[in-house]
Amino acid sequence: RDQLICTQTRQKDYSTDLGVLCSYQPGAMLKPKALTKVLDQANTGGIQCTLLLNQEGSLMAFAGRSDKKENITAAIAANIWVSNEKGAKTALGDESLQFIVLDCSEGKVGIRRVANLLLCMYAQKIVGLGLLKAKVEVLAGYLEGPLTQIATPS
Amino acid sequence: MTEELHKYLKRLLPTVEGLQCVIISDRDGVQLVEAHQPDAPAATLKPPFLGTFSIATEQASKLGIGKNKAIVSYYTCHQVVQFNHFPLVVTCIASKDANTGLIYSLEEDMHEAISDLQAAVNVP
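Counting restarts for each chain, with residues numbered from 1 along the sequence as it is written. Ligands are numbered from 1 and chains lettered from A, in the order in which they are written. A pLDDT threshold of at least 70 governs which residues receive local features in this predicted model, and a stricter bar of 80 or more applies before side-chain atom pairs are shown or counted, although totals over entire chains, interfaces and linings include all residues. To obtain the side-chain values, all non-hydrogen atoms of the structure were used and water was disregarded.

A. Expanded view of the environment of alanine 78 of chain A. Residue and element names in this part refer to chain A. Note on placement: alanine 78 falls in helix H3 (residues 70–92). Sequence separation between alanine 78 and lysine 89 is 11 residues, and the spatial gap between their C-alpha atoms is 17 Å. In this view, alanine 78 contacts Leu53, Asn54, Gln55, Glu56, Gly57 and Leu118; residues no more than four positions away in its chain are not counted. Helix and strand assignments follow DSSP, with helices taken as H or I runs no shorter than four residues and strands as E runs no shorter than two, numbered in order from the N terminus. Residue contacts are counted whenever heavy atoms from the two residues lie within 4.5 Å of one another.

Here it is, written out as structure tokens:
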């Protein structure tokens, strides 16, 4: 998990470069290549692709094989999550949405919150619902720590 | 017909441990038939909650993996399994520890009843 995060130790002042006064503060940053490799580890046994997106629907990372437009997929998945979450707030009070499975005729999608992002996994229709859920849960558990470190407060 | 359906759904409830209610509604969330246990959350029986499925299923059908058949949502203490039988929606609400697979199998058991209701509400 430490390989997902790199920490800058030098402080640099960009004021002369940008023409405005700003400075770069040391902090944790994600390594995109390492993140993609981690997401790709789930793409076995019928899992076609794994996406990491924010709740506004913007794609953060993607791994796998897909003939669909991933940014559109991310936007739709985020929209479904947000609408289900809002629906639950009115009906189920304090309960929070933990996981969604979308069962379609040609495949399944699992969506789970990780830190302040959403982890989304596409599976072929032959993949069992339980296996899809288990894979998403394991990957989410693995990413929770590093992503929480770099999560921006909402 | 609705009385028979209500009795049928009432008989279904105890077959899955933790199943709290089964609702058949239209796309807007208006109930046609329902049966619920006393511990079912009351607000989940109302159109604002039931109606969110039609938007979600429409969007899920645009993901490029075919038509959406069902959506399973897991919350802190409950799970909601909703089946798309256009123009009807079947919603099953259960505790989070209930067996999702058994709830899924209820769809097959209810197939005949849902088909009859679909035929009744479909405009030729």
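Resuming the write-up.
B. Focus on the interface of chain A and chain B. Opposite the 30 residues of chain A that make contact, chain B presents 26 residues. By definition, the buried area sums, over both parts, the 1.4 Å-probe accessible area that each loses when the two are put together. Note on chain A versus chain B: buried area summed over both sides is about 2500 Å², and carbon and sulfur give 63% of it. In the sections that follow, a salt bridge refers to a side-chain nitrogen of Lys or Arg positioned within 4 Å of a carboxyl oxygen of Asp or Glu. In this assembly, chain A and chain B are joined by zero salt bridges. Think of a polar contact as two N or O atoms within 3.5 Å of one another; within protein, one of them needs to be a possible hydrogen donor and the other a possible acceptor, and neighboring residues in sequence only count if both atoms come from side chains. Run the count over chain A and chain B and you get 15 residue pairs in polar contact (both at pLDDT 80 or more).

C. Geometry of the confidence of the model for chain A. All names here are of chain A. Every residue gets a pLDDT, meaning the predictor's confidence in that residue, from 0 to 100. Averaged over all residues, the pLDDT of chain A equals 81, while 78% of them reach at least 70. Mean pLDDT values for the elements of chain A range from 38 in helix H1 (residues 15–18) up to 95 in strand E8 (residues 107–114). Every residue in residues 9–25 scores below 50 in pLDDT, and together they form 19 contacts with partners more than four places removed in sequence or on other chains.

D. Summary view of the packing of aromatic side chains. Ring pairs shown here join Phe, Tyr and Trp side chains whose ring centres sit within 6.5 Å, with only the six-membered ring taken for Trp; geometry is labelled stacked below 30 degrees between planes, edge-to-face above 60, and tilted in between. The full count for this structure, using the stated rule, is two aromatic pairs over all chains. Between phenylalanine 99 of chain A and tyrosine 74 of chain B the ring centres are 6.1 Å apart and the planes differ by 80 degrees, which places this aromatic pair in the edge-to-face class. With phenylalanine 99 of chain A in strand E7 (residues 97–104) and tyrosine 74 of chain B in strand E3 (residues 68–75), this pair bridges two chains. Like phenylalanine 99 of chain A, the residue tyrosine 74 of chain B is buried in the burial classification. With a centroid separation of 5.6 Å and 80 degrees between ring planes, the pair formed by phenylalanine 83 of chain B and tyrosine 104 of chain B is classed as edge-to-face. With phenylalanine 83 of chain B in strand E4 (residues 78–85) and tyrosine 104 of chain B in helix H4 (residues 100–109), this residue pair connects regions lying 21 residues apart in the sequence. We classify phenylalanine 83 of chain B as buried; its relative accessible area is 0%. Accessibility here uses a 1.4 Å probe with only protein chains present; expressed as a share of the type maximum, an area under 20% marks a residue as buried, one over 50% as exposed, and anything in between as partly exposed. According to the relative accessible area criterion, tyrosine 104 of chain B is buried, its value standing at 19%. Over the face of the ring belonging to phenylalanine 99 of chain A we find lysine 133 of chain A, whose NZ or CZ atom lies 5.5 Å from the ring centre. Charge-over-ring placement is defined geometrically: NZ (Lys) or CZ (Arg) within 6 Å of the ring centre, and within 35 degrees of the ring normal. Sitting over the ring of tyrosine 74 of chain B, lysine 133 of chain A keeps its end group 4.5 Å from the ring centre.

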